[in-house]
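Architecture at a glance
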Protein chains: 2
Amino acid sequence: MARKPTVYDVAREADVSIATVSRVLRTPERVRPQTRQTVLNAISLLGYLPSGSARSLAARKTNSIGLFLPNIDQLDQIGEFELTSDDAADMVIDPPQGQEDNTDSLYFDEVLRGCELESWRQGLSLMVSIGLRGKGDDIPQLINSMSEKVDGLIVLARSVPDTVLAFLRKRLPVVMIANAPANQENEFDLVRVSNRKGMYVLVRHLVEEHGVTSMAYVAGTDDSPDNGKRYEGFCEGLRSEGLEPSAAPIYRGQFSQSSAYQITGSLVRQGTLPRALVCANDQMALGALRALSEAGVDVPGQVIVTGFDGIKETAVSRPRLTTVRQPMVDLGRAAVSTLVKRLEDPDSPPISTELPVRVELRESCEGAMD
Amino acid sequence: MARKPTVYDVAREADVSIATVSRVLRTPERVRPQTRQTVLNAISLLGYLPSGSARSLAARKTNSIGLFLPNIDQLDQIGEFELTSDDAADMVIDPPQGQEDNTDSLYFDEVLRGCELESWRQGLSLMVSIGLRGKGDDIPQLINSMSEKVDGLIVLARSVPDTVLAFLRKRLPVVMIANAPANQENEFDLVRVSNRKGMYVLVRHLVEEHGVTSMAYVAGTDDSPDNGKRYEGFCEGLRSEGLEPSAAPIYRGQFSQSSAYQITGSLVRQGTLPRALVCANDQMALGALRALSEAGVDVPGQVIVTGFDGIKETAVSRPRLTTVRQPMVDLGRAAVSTLVKRLEDPDSPPISTELPVRVELRESCEGAMD
DNA sequence: TTGTAGGCGTTATCAC
DNA sequence: GTGATAACGCCTACAA
């Protein structure tokens, strides 16, 4: 493979000017069919492929967009990767499961799918990157890696530190998925789900269909807007049923299985289990389920448990978990769609979209009133 | 936000030449500290961000690589996406699970993670795209979308038609994950796992530790090289234990849960269940498990079941499934690593890497001999 | 150490 | 319908 052919090579081969070659590619109808064919032949003969860089430079846009996902694991621990061909097979007995946090990645992967899909439909290329860790030192690296190569950015909540976010935002359009930094909600293009409404509907269902009057809220970290919105919905749901939210205990978890596992364990030992444990996410609901199962507490007979997010495990746990499913793929698609709008019209006011969620009823609350 | 600032703006602001600005960015040590600082100030004052296109054009490389994943769903069915803000929540009872094929995506997502990770480590940007469907019509679209913007490509097996693959290969470096088109195995840079060895070790384990002498192979589609290699390993395993491979029945599935579910159901009804069902992938093993469970057949007591791939469900099924785990993240990392080598040295001979797999023993074959 | 100038491969605006 | 030619924003000898 010699040097890559350019328009000049094609032009020479077809005996036309480079302008004509360009036209054949961009506006074929403005070229006489015969000339066009000659050029096309030359192109395929030489195996010519236009240079994206040159094209982007001239057109002043890249037709690419970037997506930042949160970093799952500690990237710090990632070392060299050694390429060694090794036709072998180890054997292990009952391998431990991965860190529980990994299941989060499912969420992101679906969002990614959505972005991929919609970018493809819109004729855009999608550039993907894991987010940055805390230190701002990585900014130069970030710049080199991505933002200089795209027309706009999609950022999943908390995948990029606020300072970096501010930096990027000054330079190119940014769409946030899930939520913006505190107090800047109406300055960003935003795509999110109706956390509040989902929890609201769920709580009302518990009261109306299952006669639950005593429920506790197992919260996530308080700095999470998701958690905040969900708690709001929880309170509103209670209130709309004539129940007093302040009478419902809050137990503070960390969005993790283990946190809810411990909390639930304590409640069992103290004998202070409510009729229903409403968890701020699925991971915690699963943790609660595990603790209850180990304690021999019947779900949903004695205690109802609900989650939030709709991760895959909810459909295979025992009992299967009632949850509020987020439309993750649509989140991605909506984000791309929003970004495209923003690129077309840079000065329009912020676009905010709230996608509906879906309450999915399963055994963990089913038939509990009977 | 006015027009984006360029080197010229920065140069003017700092009262230096554009060459100096460039040097500050690329080779800071060759600039007097004082000048450097002036330039840096101007840069941050203006919010200057170098243009990736221009840089790539001048440097004759993009520092980006592309990844093609197979398209999961039928993209044809994907329509417009309408942006509508809708603070709502539906409710459904016991929603059906997604199409079973979706679990495949887990596999790809992990590969993607690996690519992402290693690209990041190597300072490269990663461009992601779902593959193309059969028709070659999409080639122009493909060209515009991706190959013109990257230095090299990573392609997951069967995510791109062979014809398109041939086209791309002529124009830029391509690394295949899993396997190359038939009869071209030694022309490609390849990264794969030791399917053969994994199955071999598994089969020997079944014979030696569990005394299994009667086993059946539940195959995937025969056009799959994976399936072929695994079957080879199966046969070799038997042979090495003094058993005759041709005496072991093959049941032809489609890599899908339902196919194995039906096959297993038939075996139950016919009363022709072997001591062990060795499945070519996890999906089929799960299907078999389901059929056996419904028929009241004890696993592993009466029948041992094994899978291949190591998808997440294997760790939560009942009983949990013995399987051969593919190091999916490492596949991705190895692919990027290979591509980097190829880019550094375009003319070296094809690089082929085979990563070791890991046999994971769980209840579906545990204690079966006791 | 710093500046000048040519080139990277396209697109787009003019004339012809 | 086609062909010069000037951007596009950056890099990099080569000079100064």
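The residue count restarts for each chain, going from 1 along the sequence in the order it is written. Written order determines the labels here, with chains lettered from A and ligands numbered from 1. In keeping with the predicted nature of the model, local features appear solely for residues at pLDDT of at least 70, side-chain atom pairs appear and are counted solely at 80 or more, and the whole-chain, interface and lining totals rest on all residues. Side-chain measures here rest on the full set of heavy atoms in the structure, leaving out hydrogens and waters.

Cysteine sulfurs are considered disulfide-paired once they come within 2.5 Å of each other. Applying the stated rule across the entire model yields zero disulfides over all chains. Cys279(A) carries a free sulfur, and the closest cysteine sulfur to it, the one in Cys365(A), is 12 Å from it.

All names here are of chain A. Geometrically, the link from Val 299 to Pro 300 is a cis peptide bond, its omega value of 10 degrees lying close to zero. With a phi close to 60 degrees, Asp 15 is a non-glycine residue in the positive phi region. Helix and strand definitions follow DSSP, with helices as H or I runs of at least four residues and strands as E runs of at least two, each counted in order from the N terminus. Note that Asp 15 resides in the loop between helix H1 (7-14) and helix H2 (18-26). Residue burial is assigned from relative accessible area. The probe radius is 1.4 Å, only protein chains are included, and a residue is buried under 20% of its type maximum, exposed over 50%, and partly exposed in between. Note on Asp 15: relative accessible area 67%, which makes it exposed.

Residues and elements named next belong to chain A. Where helix H10 (residues 257-270) meets helix H11 (residues 282-295), the axes come as close as 7 Å, and the angle between the chain directions of the two elements is 40 degrees. Taken as axis vectors, H10 and H11 run oblique relative to one another. Classified by chirality, the crossing of H11 by H10 is right-handed. Residue-level inspection shows Gln 257, Ser 259, Ala 260, Tyr 261, Thr 264, Gly 265 and Val 268 of H10 in contact with H11, the latter providing Gln 283, Met 284, Leu 286, Gly 287, Ala 288, Arg 290, Ala 291, Leu 292, Glu 294 and Ala 295. Any residue outside Ala, Val, Leu, Ile, Met, Phe, Trp, Tyr, Cys, Pro, Asp, Glu, Lys and Arg is labelled polar, Gly included; the first ten of those are nonpolar and the last four are charged. Looking at the contact of H10 with H11 residue by residue, the classes come out as nine nonpolar, six polar and two charged. Between N-to-C directions, angles span 0 to 180 degrees; the directions come from axes that are lines fitted to C-alpha atoms, helices contributing only their stretch in contact. Every angle not falling under 35 degrees, over 145, or within 65 to 115 is termed oblique; those three ranges are roughly parallel, roughly antiparallel and roughly perpendicular. In this scheme the handedness of a crossing depends on how the near helix is turned from the far one: anticlockwise by less than a right angle means left-handed, clockwise means right-handed. Only heavy atoms enter the contact rule, under which two residues are in contact if any of them lie within 4.5 Å.

All names here are of chain A. Only Phe, Tyr and Trp rings take part, Trp by its six-membered ring, and two of them pair if their centres are within 6.5 Å. Stacked means planes under 30 degrees apart, edge-to-face means over 60, and tilted covers everything else. Scanning all chains against the criterion turns up six aromatic pairs over all chains. Taken together, a centroid distance of 5.0 Å and an interplanar angle of 55 degrees make the contact between Tyr 217 and Tyr 231 tilted. Pair noted here: Tyr 217 is in strand E7 (residues 215-219) and Tyr 231 is in helix H9 (residues 225-240), with a separation of 14 residues, a long-range link. These aromatic residues form a ring-pair network of at least three members: Tyr 217, Tyr 231 and Phe 234.

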